[in-house]
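For reference, the chains in residue letters:
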Amino acid sequence: MGKVNVLDVAEMKARGEKIPMITAYDFTSAQLADRAGIPLLLVGDSLGMVVLGYDSTIPVTMEDMLHHAKAVARGAKQSMIVVDMPFMSYQVDEQQAMTNAARLMQEGGAHAVKLEGGVKIAPTVARIVEAGIPVMGHIGLTPQSVHALGGYRVQGRQQEQAAQLVKDAEALQQAGAFAVVLEVVPSQLARLITQRLKIPTIGIGAGPECDGQVQVLHDMLGLFTDFVPKHVKRYADLGEVVQASFAQYAQDVKEGSFPTKEHSFSMDESILENLANPQ
Ligand code: KIV
């Protein structure tokens, strides 16, 4: 099978086949997700929080995204790689957005870019798409605007907000986006948008009726537990497993039960004797 591309993703929606996507930030996670048959990998700017330890995605830079995208590109053989455009790498003007989208493709190995925003960002999306770069939109709870939104809260519960989200989704489709992420919006609104759009919706905290779902790897594996959003499904408690393994390792080293012969290398004893008694 060849690499997953935008046509495959469109066909999945047409066939009614759900589209799984997860974040990946390095070679190993990309390799594992790719081997598990996940069609879409997102090098999300959530790496700012779960990998780099920031308290939001706002400090993430283009250099951060490129660094991680390159590692993911080395690990993924079949999956399509979508890379987030970080805060203020596309909002200044279209020229800036084009230059940075091109860098993510040329230097980072991205197959598509994702940017946050609806109607207001649609002209920029159209320009990037015209240049041959596939774009995934992202509306609803857009973490790069967390301060403007007044926190991480459900979006689109009120009439006006809901109507705006529908317009945003339609504007992104019109601009040529190949898919759109709906983050933390009521399930009923996500269903309506999903039915209205020809392009796939990828939900996170947007209910079961989106065309696909995306989860943050560290959340679903229990590696990041400082804050666990309601929409996370925990598939493993790797954080506990890893911490217990580290503690056991420390104890083994301290008490001398690691390493043993099994983990060590040996050499010809005569060489040692020559070293001890030089001629
Ligand atoms: O950065 C990210 O991981 C994302 C997903 C939450 C959609 O944008």
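Look up: the structure comes first, before these words.
In this text the structure is predicted, and so the values were computed from the model without any measurement.

Cut-off values and rules
- Sequence order as written defines the numbering, with residues in each chain counted from 1.
- With the structure being a predicted model, the display of local features is reserved for residues of pLDDT at least 70 and the display and counting of side-chain atom pairs for 80 or more, all residues being used for whole-chain, interface and lining totals.
- Hydrogens and waters are ignored; side-chain quantities use all the structure's heavy atoms.
- Residue proximity to a molecule or strand is established when one non-hydrogen atom of the residue lies within 4 Å of it.
- Here a polar contact is recorded for every N or O atom pair within 3.5 Å, except that within protein the pair must consist of a potential hydrogen donor and a potential acceptor, and residues adjacent in sequence are included only if both atoms are side-chain atoms.
- For every accessible area listed, the method is Shrake-Rupley and the probe measures 1.4 Å; residues are considered covered only by the protein chains on display.
- Put simply, Ala, Val, Leu, Ile, Met, Phe, Trp, Tyr, Cys and Pro go in the nonpolar bin, Asp, Glu, Lys and Arg in the charged bin, and everything else, Gly too, in the polar bin.
- Between any two strands, at least two bridges found by DSSP are needed for them to pair.
- Numbering of helices and strands runs from the N terminus; a helix is a DSSP stretch of H or I covering at least four residues, while a strand is a stretch of E covering at least two.
- What counts as an axis is a line fitted to C-alpha atoms, over the stretch in contact for a helix, and the angles between N-to-C directions run from 0 to 180 degrees.
- Two residues form a contact once any of their heavy atoms are found within 4.5 Å.
- Here a pair means two rings of Phe, Tyr or Trp (six-membered ring of Trp) with centres within 6.5 Å. Their orientation is stacked below 30 degrees between planes, edge-to-face above 60, and tilted elsewhere.
- The salt bridge criterion pairs a side-chain nitrogen of Lys or Arg with a carboxyl oxygen of Asp or Glu, the two atoms within 4 Å.
- Only protein chains enter the area calculation, which uses a 1.4 Å probe; residues under 20% of their type maximum are buried, those over 50% are exposed, and those in between are partly exposed.
- Put simply, a nonpolar core is a bunch of buried Ala, Val, Leu, Ile, Met, Phe, Trp, Tyr and Cys residues held in one set by side-chain atoms that sit within 4.5 Å of each other.

Trainee: Any details on the site of the ligand? Residues and values, ideally.
Mentor: Around the ligand, a shell composed of 13 residues is seen, among which G44, D45, S46, D84 and K114 lie nearest. Between D84 and the ligand, the recorded distance is 3.1 Å, taken from a side-chain N or O atom to an oxygen atom. Within the side chain of K114, one N or O atom sits 2.8 Å away from an oxygen atom of the ligand. Coverage of the ligand by the protein chains reaches 96% of its 260 Å² of free accessible surface. A breakdown of the residues in the shell around the ligand according to their chemical character gives five nonpolar, four polar and four charged.

Trainee: Break down the sheet that holds strand β4 (residues 112-116) for me, citing the residues and quoting the values.
Mentor: Spatially, the eight strands close up into a barrel ordered β1-β2-β3-β4-β5-β6-β7-β8, and their pairing is parallel. In this sheet, adjacent strand axes meet at a mean angle of 25 degrees when their direction is disregarded. Of the strand pairs in this sheet, strand β2 (residues 40-43) and strand β3 (residues 80-84) are connected by four bridges, and their pairing is parallel. Bridge pairing in β3 links L41 to I81. On the sheet, helix α8 (residues 159-174) packs against β5 (135-140) and β6 (179-183) and is oriented at approximately 175 degrees with respect to β5.

Trainee: Got a sec to walk through the packing of aromatic side chains? Specific residues and values, please.
Mentor: A complete count under the given rule lists one aromatic pair for this structure. Centre to centre, the rings of Y249 and F258 are 6.0 Å apart; their planes meet at 65 degrees, and the pair counts as edge-to-face.

Trainee: Report on the pattern of salt bridges, specifying residues and quantitative values.
Mentor: Taken as a whole, this structure holds 10 salt bridges when the rule is applied. Where R15 meets E11, a salt bridge forms, and the shortest distance between an N and an O atom there is 4.0 Å. Here R15 and its partner E11 are both found in helix α1 (residues 6-15), four residues apart, which amounts to about one turn of the helix. On the basis of relative accessible area, E11 is assigned to the partly exposed category, the value being 41%. Its salt-bridge partner being K114, residue D84 comes within 2.7 Å of it at the nearest N-O pair.

Trainee: Pulling in residues and values, what's your account of the nonpolar core?
Mentor: Residues L41, L104, I128 and L182 are the most contacted members of the largest nonpolar core, which totals 56 residues. Here L182 is in contact with I139, A190, I193, T194, T201, I202, G203, I204, A206 and C210, once residues within four sequence places are set aside. Among the nonpolar cores identified, the runner-up in size contains 17 residues, and A112, M136, V181 and I202 belong to it.

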